[in-house]
Amino acid sequence: MTEAILLVGGKGTRLRPLTVHTPKPMVRAAGVPFLTHQLARARAAGVEHIVLATSYLAEVFEPYFGDGSSLGLHIEYVTEEEPLGTGGAIRNVASRLHSGPDEPVLIFNGDILTGLDIRALVRTHRTTGADVSLHLTKVTDPRAYGLVPTDDTGRVLAFLEKPQTPEEIVTDQINAGAYVFRRSVIDTIPTGRPVSVERETFPDLLAAGAHLQGLVDSTYWLDLGTPAAFVRGSADLVLGRAPSPAVPGRCGDRLILPTARVAPDAKLAGGTVVGEGAFVAEGARVFGSTILPGAVIEPGAVVTDSLIGTRARVGEWSVLTGAVIGDGAVVGARNELRDGVRVWCDARIPAGSVRFSSDE
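All of these numbers come straight from a predicted model, not from anything done at the bench.

Brief notes about the overall build of the protein
Looking only at helices and strands, the protein has seven helices and 28 strands in total. Against the globule reference of 21 Å for 360 residues, the protein gives a C-alpha radius of gyration of 22 Å, in line with a compact fold. Principal axes of the C-alpha set define a box for the protein whose edges measure 70 × 50 × 35 Å. Looking at the protein residue by residue over its 360 residues, the buried ones come to 56%. Across the protein, the fraction of contacts at a sequence separation of at least 24, relative to all contacts at a separation of at least 6, is 52%. For the protein, the exposed surface amounts to about 15,100 Å²; the carbon and sulfur share of it is 50%. Put simply, the protein has 34 plus and 41 minus side-chain charges, and the middle of one group is 4 Å from the middle of the other.

Encoded structure:
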């Protein structure tokens, strides 16, 4: 296998305001755009040629990655004029592939952080003679996902949309968002209209008697679709819980990027990242959080499991837990922001305006 398609066209609406100015795959996780981790892992598995299927804010990808040579890759870019869904996006870039009809093509969703053994998925595809092979993972509560039951040999039996009742939960195996397609199968996807591989392509192939193979790989897996998950994923990369050859430094409790400044008595832990040009001031405490480039954490502030956007500012003695602060926003001194709050880009919260406790 030498080719892959990465689906990076989504708007990332669940991640807003992080994705107001930045497409989801380009939001920084462990100091680099998340897409960098996927590209590096694909290269480590032997992939040489990658086509990025772009749509939302498509213009930001190529200036950053160029032709991919810095990563040892050849990268091409194809932009959808109108959103085409996962299947439509795959079909839309097919003309850029060089593989023969029976050769395998790796396909990744652009928002999954995983420790999948990519080579093992390709081996399974080859040895079983499958038309499509899917990475499956097991989850404790599968109600939010599409279920993929398999037989004793791993052959896929059905694709079941999100179950609504306990009786509908026939397996804990879900589609984990990485596939290997036989090249010729890609050409059977309809052109010129939106197509979902999950709801249309895979069920139609199964109904037509195609061989769809599942590989259950229960290593690290995380859907980065929500702000809380994205922050956790970045921290796990820094801590070494999630594997990536693209983390720009040694794994540990913290990652401080070049040109970032951290006061000697500030405390950083839990996989915290401090981006280029950011500043963490005296007495501040930051746990399990991502501080994007140019952001400022003022003296005495406490930031936990949060993401602070580019050039944003958190005022002195403010306390943030599970918060997302958009690019350029300012949280004034002595505010308390908790549990899923999102402050939009360039917003201003005056000092002492939001609290969950007395001001005494």
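Some words on the packing of aromatic side chains
By the definition in use, this model includes six aromatic pairs. Geometrically, the ring pair formed by Phe-159 and Phe-202 is stacked, given 5.4 Å between the ring centres and 25° between the ring planes. Taken as a pair, Phe-159 in the loop between strand 8 (132-138) and strand 9 (173-182) and Phe-202 in helix 6 (residues 197-207) lie far apart in primary sequence, 43 residues in all. Like Phe-202, Phe-159 is buried. An angle of 35° between the planes, with centres 6.0 Å apart, marks the rings of Phe-181 and Phe-202 as tilted.

Section: unusual backbone geometry
Arg-16 connects to Pro-17 through a cis peptide bond whose omega is 15°. On the secondary structure map, Pro-17 appears in the loop between strand 1 (3-7) and strand 2 (28-29). At Arg-334, a residue that is not glycine, the phi angle is positive and equals roughly 55°. The topology assignment puts Arg-334 in the loop between strand 25 (330-331) and strand 26 (336-338). Despite not being glycine, Asp-346 has its phi angle at roughly 65°, a positive value.

Brief notes about the UniProt feature "domain: Nucleotidyl transferase" (unreviewed entry) in the protein
Per the UniProt record, "domain: Nucleotidyl transferase" (unreviewed entry) is found at residues 4-236. Structurally, residues 4-236 comprises 26% helix and 23% strand, and the distance from its first C-alpha atom to its last is 25 Å.

A word on the nonpolar core
Counting 29 residues, the largest nonpolar core has Ile-5, Ile-107, Leu-134, Phe-181, Ile-186, Phe-202 and Leu-212 as the members making the most contacts within it. Those elements giving two or more residues to this core turn out to be strand 1, strand 4 (49-54), helix 3 (85-92), strand 6 (104-109), strand 8, strand 9, helix 5 (183-186) and helix 6. Setting aside chain neighbours within four positions, we find Leu-134 in contact with Leu-121, Val-156, Phe-159, Asn-175, Ala-178, Tyr-179, Phe-202, Leu-212, Gln-213, Gly-214 and Leu-215. Leu-39, Ala-42, Ala-120 and Val-122 belong to the second-largest nonpolar core, a separate cluster that totals 26 residues.

A word on the pattern of salt bridges
Summed over the entire model, instances satisfying the criterion amount to 13 salt bridges. In this structure, Glu-276 engages Arg-28 in a salt bridge whose closest nitrogen and oxygen atoms are separated by 3.7 Å. Of the two residues, Glu-276 sits in the loop between strand 15 (272-274) and strand 16 (279-280) while Arg-28 sits in strand 2, which places them 248 residues apart along the sequence. Notably, a salt bridge pairs Arg-193 with Glu-200, separated by 2.7 Å at the nearest N-O pair. Linked through salt bridges whose partners overlap, the residues forming this network are Asp-102, Asp-131 and Arg-182.

Considerations on the side chain of Thr-272
Within the secondary structure layout, Thr-272 lies in strand 15. Using a relative accessible area of 0% as the deciding quantity, one classes Thr-272 as buried. Setting aside anything within four residues of it in sequence, one finds Thr-272 in contact with Val-238, Asp-253, Arg-254, Leu-255, Val-286, Phe-287, Gly-288 and Ser-289.

What about the sheet that holds strand 17 (residues 285-287)?
Strand order in the open sheet made by the five strands is 14-17-20-23-26, with parallel pairing throughout. On the outer flanks of this sheet lie strand 14 (267-269) and strand 26, each paired with one strand and no other. When the angles between neighbouring strand axes are averaged without regard to direction, this sheet yields 0°. Here three bridges tie strand 17 to strand 20 (residues 302-304), and the two strands are oriented parallel to one another. Within strand 20, the position partnered with Arg-285 by the bridge is Val-302.

Some words on the UniProt feature "domain: Mannose-1-phosphate guanyltransferase C-terminal" (unreviewed entry) in the protein
The residues that UniProt annotates with the feature "domain: Mannose-1-phosphate guanyltransferase C-terminal" (unreviewed entry) are residues 252-340. In residues 252-340, the share of helix is 0% and the share of strand is 42%. The end C-alpha atoms are 26 Å apart.

Rules used throughout
Residues numbered from 1 in each chain as written. Predicted model: local features only at pLDDT ≥ 70, side-chain atom pairs only at ≥ 80, totals over all residues. Heavy atoms only, no water. Helix = DSSP H or I, 4+ residues; strand = E, 2+ residues; numbered from the N terminus. Rg over C-alpha atoms; globule rule 2.2 N^0.38 Å. Buried < 20%, exposed > 50% of the residue type's maximum accessible area, 1.4 Å probe, protein only. Contact = heavy atoms within 4.5 Å. Areas by Shrake-Rupley, 256 points an atom, 1.4 Å probe, with all protein chains shown as cover. Lys, Arg positive; Asp, Glu negative; His and termini not counted. Charge placed at Lys NZ, Arg CZ, Asp CG, Glu CD. Phe/Tyr/Trp six-rings, centres within 6.5 Å; stacked < 30°, edge-to-face > 60°. UniProt positions renumbered as here; feature names shortened; annotations may be inferred. Core = buried A, V, L, I, M, F, W, Y, C linked by side-chain atoms within 4.5 Å. Salt bridge = Lys/Arg side-chain N within 4 Å of Asp/Glu carboxyl O. Pairing = 2+ DSSP bridges. Axes fitted to C-alpha atoms, helices over the stretch in contact; angles between N-to-C directions.

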